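Commentary on secondary and tertiary structure
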Amino acid sequence: MTQEKLAFINPATNSQFGEVVMNTPEEVQEAVRDMRRAFPAWSGKTVRERADILHKLQHVLIERRDEISSVLNQDCGKSRQDALLELFVTVDMLAQYRRHAAQWLRRQRVSSGLYLFKRCYIEHLPHGVTAIISPWNYPFTLSFPPTIAALLAGNTVVLKPSEVTAATGVLIENLIKSVPELAPFVRVVHGDGKVGAALVTSKPDYIFMTGSTATGKKIMHVAAESLTPVALELGGKDSMIVLEDADLESAARWGAWGAFFNTGQTCMSVERVYVVASKYDEFVKLVVKQANELKSGYSTELNSPYFMGPVTDPRQVKIIDDHLQDATDKGAKILTGGKKDGLFYDPIVLVDVNHSMKIMRDETFGPVMPIVKVQDEEEAIRLTNDNPYGLSASVWSLDINHAKRVADRIEAGSVIINDSIAQFGVPMLPFGGTKDSGFGRTHGKEGLLQFTRPYSFAIGGAPVKLDIATVLREAGHYELATAIMGVLFGTTLKQKAETLSQFFRRKNNPPAANPKLEKISAK
């Protein structure tokens, strides 16, 4: 039987620099079974023991930083510094997770309610085998942090990296194998969509996927058959709102950075800009100036002269070109930038756009910044929310309170004020979307706890007669139960007093039996 292979192709040079054998569906199923067998040993360790093992991984990541940035540079075409940024975010997340995991995962005592003689607790237990499916745009930092969170929570992991950046997948596998105490509890499976489908159908205990909305829906459909819980971090069409009192120089600089960083291949890239009419012309002028200063190209040097590399996945070029063609056919104007040789573009600034165009409704995932003139912030908010996606957004204003009021009306999982994209890099801030951008969170306490299931238990002796809850469970206490409910939960002093008064009246003068009810019972 011929083994299928994934070639490592540098998108900047179109040259092959390696390959890996694809896993078969049977091997994927075996990997899940292996991780299920390994689960008791890993989950049986204390959180501190798991954190200590991951501390060794942290050491390895920093020691091998130049190797990591070199592989990402070839695999994605991004600069060495942008590759190092992926590692930086990953190490930052790892350090924070290790520091806080024990506190987040510790047993919590909660109120026992009316059971006065019981103690009630919540524990956060791992799901079991966690399947993690990661994308190609940030193949390192969108693979490692969820893997680390799942491991700290006590899960074993089967990771399926993107076939587009297969070299990074092999790199991650080798990094994990370099920590002997960790290696038995993680499997990396390599391959295309067939391998991903095999992983989803192998009935893992939890699925965490980062990728397109279309793929996320397919995974949910399959997972529903086995009722496997899922978390989906999906696409975005993030907006940027520039208000009348914004610092336009900063908005233009960092808005352009948010639109063109990583060649626009970020789920939270600035893909739509709404500028109030009074500031529109000046803002557009400043953005064009910024875009013209950002050059595209490829270098293996540690400090690249280029801001943007190539589009990483050749299939994405068709989408970018289709969106641009649709927009220009409908009247949009390209002020600067455009397609170059191969998979390279120079930053594109687009005006005269509207919501009839694909480029304002669908995820472009390329270096394009469409700008819309709006009459006021009300129109900006309305147009921002007129989109199926809801990942994140940015608002620009020198009045922070004003910006926050606008931000509160945006339908998104996160909003940043006077910056773009940067909130993703905050380790303690949960990140994720709403609407077609998915659900579930990465980063922060929420990003760790989603890899657990709450387990609740109550401790105590046999029911105590004096417990209110015991009284409620015994027959013949209707009036007493009514009085207790009224006194404990009555919404006004009058209601509490009337309920108590009724109890004493009925206790001294029991109501006569209702003959109609007796007849019904007899029947």
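Details of the structure are given in the entry above.
Here goes a summary of the coordinates provided. Values in this document were obtained by computation on a predicted structure and should not be read as measured data. (Residues numbered from 1 in each chain as written. Predicted model: local features only at pLDDT ≥ 70, side-chain atom pairs only at ≥ 80, totals over all residues. Heavy atoms only, no water.)

1. Regarding the pattern of salt bridges
Taken as a whole, this structure holds 28 salt bridges when the rule is applied. Lys194 is the salt-bridge partner of Glu4, the closest N and O atoms lying 3.9 Å from each other. Of this pair, Glu4 sits in the segment before strand S1 (5-10) while Lys194 sits in helix H7 (residues 193-201); the two residues are 190 residues apart in sequence, bridging distant segments of the chain. Judged by relative accessible area, which is 47%, Lys194 ranks as partly exposed. In this structure, Asp322 engages Lys358 in a salt bridge whose closest nitrogen and oxygen atoms are separated by 2.8 Å. (Salt bridge = Lys/Arg side-chain N within 4 Å of Asp/Glu carboxyl O. Helix = DSSP H or I, 4+ residues; strand = E, 2+ residues; numbered from the N terminus. Buried < 20%, exposed > 50% of the residue type's maximum accessible area, 1.4 Å probe, protein only.)

2. Let's talk about the nonpolar core
Ranked by internal contacts, the top residues of the largest apolar core, which has 74 residues, are Leu61, Phe140, Phe144 and Leu182. The element that contributes the greatest number of residues to this core is helix H4 (residues 80-105), accounting for eight residues. Listed in part, the 30 residues of the second largest apolar core include Leu324, Val353, Met360 and Ile410. (Core = buried A, V, L, I, M, F, W, Y, C linked by side-chain atoms within 4.5 Å.)

3. A short note on the pairing of strand S5 (residues 129-133)
Counting buried residues along S5, five of its five residues qualify, which places the element largely inside the surrounding structure. Pairing of S5 with strand S6 (residues 156-160), which is carried by five bridges, proceeds in the parallel orientation. Residue pairing for S6: Val129 is matched across the bridge by Thr156. Once you follow S5 into helix H5 (residues 144-152) and on to S6, the crossover reads as right-handed. Bridging between S5 and strand S8 (residues 206-210) involves four bridges; their strand directions are parallel. Paired with Ile132 across the two strands is Phe208, which belongs to S8. (Pairing = 2+ DSSP bridges. Right-handed = clockwise from strand over helix to strand, strands pointing away.)

4. A look at the sheet that holds strand S16 (residues 392-396)
Strands pair in a sheet through their backbones, by hydrogen bonds, and they do so in one of two ways: parallel or antiparallel. Pairing in this open sheet of seven strands is mixed, and the strands run S12-S13-S14-S11-S10-S16-S17 from one edge to the other. Looking at the sheet topology across the chains shown, the edges are occupied by strand S12 (333-339) and strand S17 (414-417). Going from strand to strand, the sheet's axes swing by 20° on average, the running direction of each strand aside. Along the sheet, helix H11 (residues 314-329) makes contact with S12, strand S13 (345-351) and strand S14 (368-374), crossing S13 at roughly 30°. (Axes fitted to C-alpha atoms, helices over the stretch in contact; angles between N-to-C directions. Contact = heavy atoms within 4.5 Å.)

5. A few points about a nonpolar patch on the surface
A cluster of nonpolar side chains, namely Leu116, Phe117 and Leu466, defines an oily patch on the protein surface of about 360 Å² accessible area. Looking at the secondary structure, you find Phe117 in the loop between strand S3 (108-110) and strand S4 (119-126). Take Phe117: its relative accessible area is 46%, and that puts it in the partly exposed class. (Patch = residues over 30% accessible without salt bridge, like charges linked within 9 Å, V, L, I, M, F, W, Y side chains within 5 Å. Areas by Shrake-Rupley, 256 points an atom, 1.4 Å probe, with all protein chains shown as cover.)

6. Concerning the packing of aromatic side chains
Per the counting criterion, the structure on display carries 13 aromatic pairs. A connected cluster of aromatic rings, assembled from ring pairs, spans Tyr121, Tyr455 and Phe457. Stacked on the ring of Tyr121, the Lys or Arg Arg107 has its end atom at 5.1 Å from the ring centre. (Phe/Tyr/Trp six-rings, centres within 6.5 Å; stacked < 30°, edge-to-face > 60°. Lys NZ or Arg CZ within 6 Å of the ring centre and 35° of its normal.)

7. Examining the pairing of S14
Of all seven residues in S14, six are buried, a share of seventy percent or more. With four bridges connecting them, strand S11 (residues 270-276) and S14 associate as parallel partners. From the neighbouring strand, Tyr274 faces S14, where its bridge partner is Val372. Judged from the three bridges that link them, S13 and S14 form a sheet pairing that is parallel. From the neighbouring strand, Val349 faces S14, where its bridge partner is Met369.

8. A look at the packing of helix H3 (residues 65-76) against H4
Where H3 contacts H4, the axes come no closer than 8 Å and their chain directions differ by 120°. Here H4 runs oblique to H3, going by the angle between their axes. Helix-helix and strand crossings are classified by hand; for H3 and H4 the assignment is right-handed. Of H4, the residues touching H3 (which contributes Arg65, Asp66, Ile68, Ser69, Ser70, Leu72 and Asn73) are Arg80, Ala83, Leu84, Glu86 and Leu87. Grouping the amino acids of the contact of H3 with H4 by side-chain chemistry returns five nonpolar, three polar and four charged. (Parallel < 35°, antiparallel > 145°, perpendicular 65-115°, else oblique. Left-handed = near helix turned anticlockwise from the far one by under 90°. Nonpolar A, V, L, I, M, F, W, Y, C, P; charged D, E, K, R; others polar.)

9. So, helix H2 (residues 47-63)
End to end, H2 covers 24 Å across 17 residues, agreeing with the expected 24 Å (1.5 Å per residue, within 8%). Listed in full, the buried residues belonging to H2 are Val47, Arg50, Ala51, Ile53, Leu54, Leu57, Gln58, Val60 and Leu61. On an axial view of H2, the arc spanned by its buried residues comes to 160°, and they lie on one face. Pointing more than 90 degrees away from the buried face of H2 are the exposed residues His59 and Glu63. Tucked into the core, H2 has its buried residues touching helix H1 (25-43), H3, H4, H5 and helix H6 (166-177). (Expected span 1.5 Å × (residues − 1). Arc of directions from axis to C-beta.)

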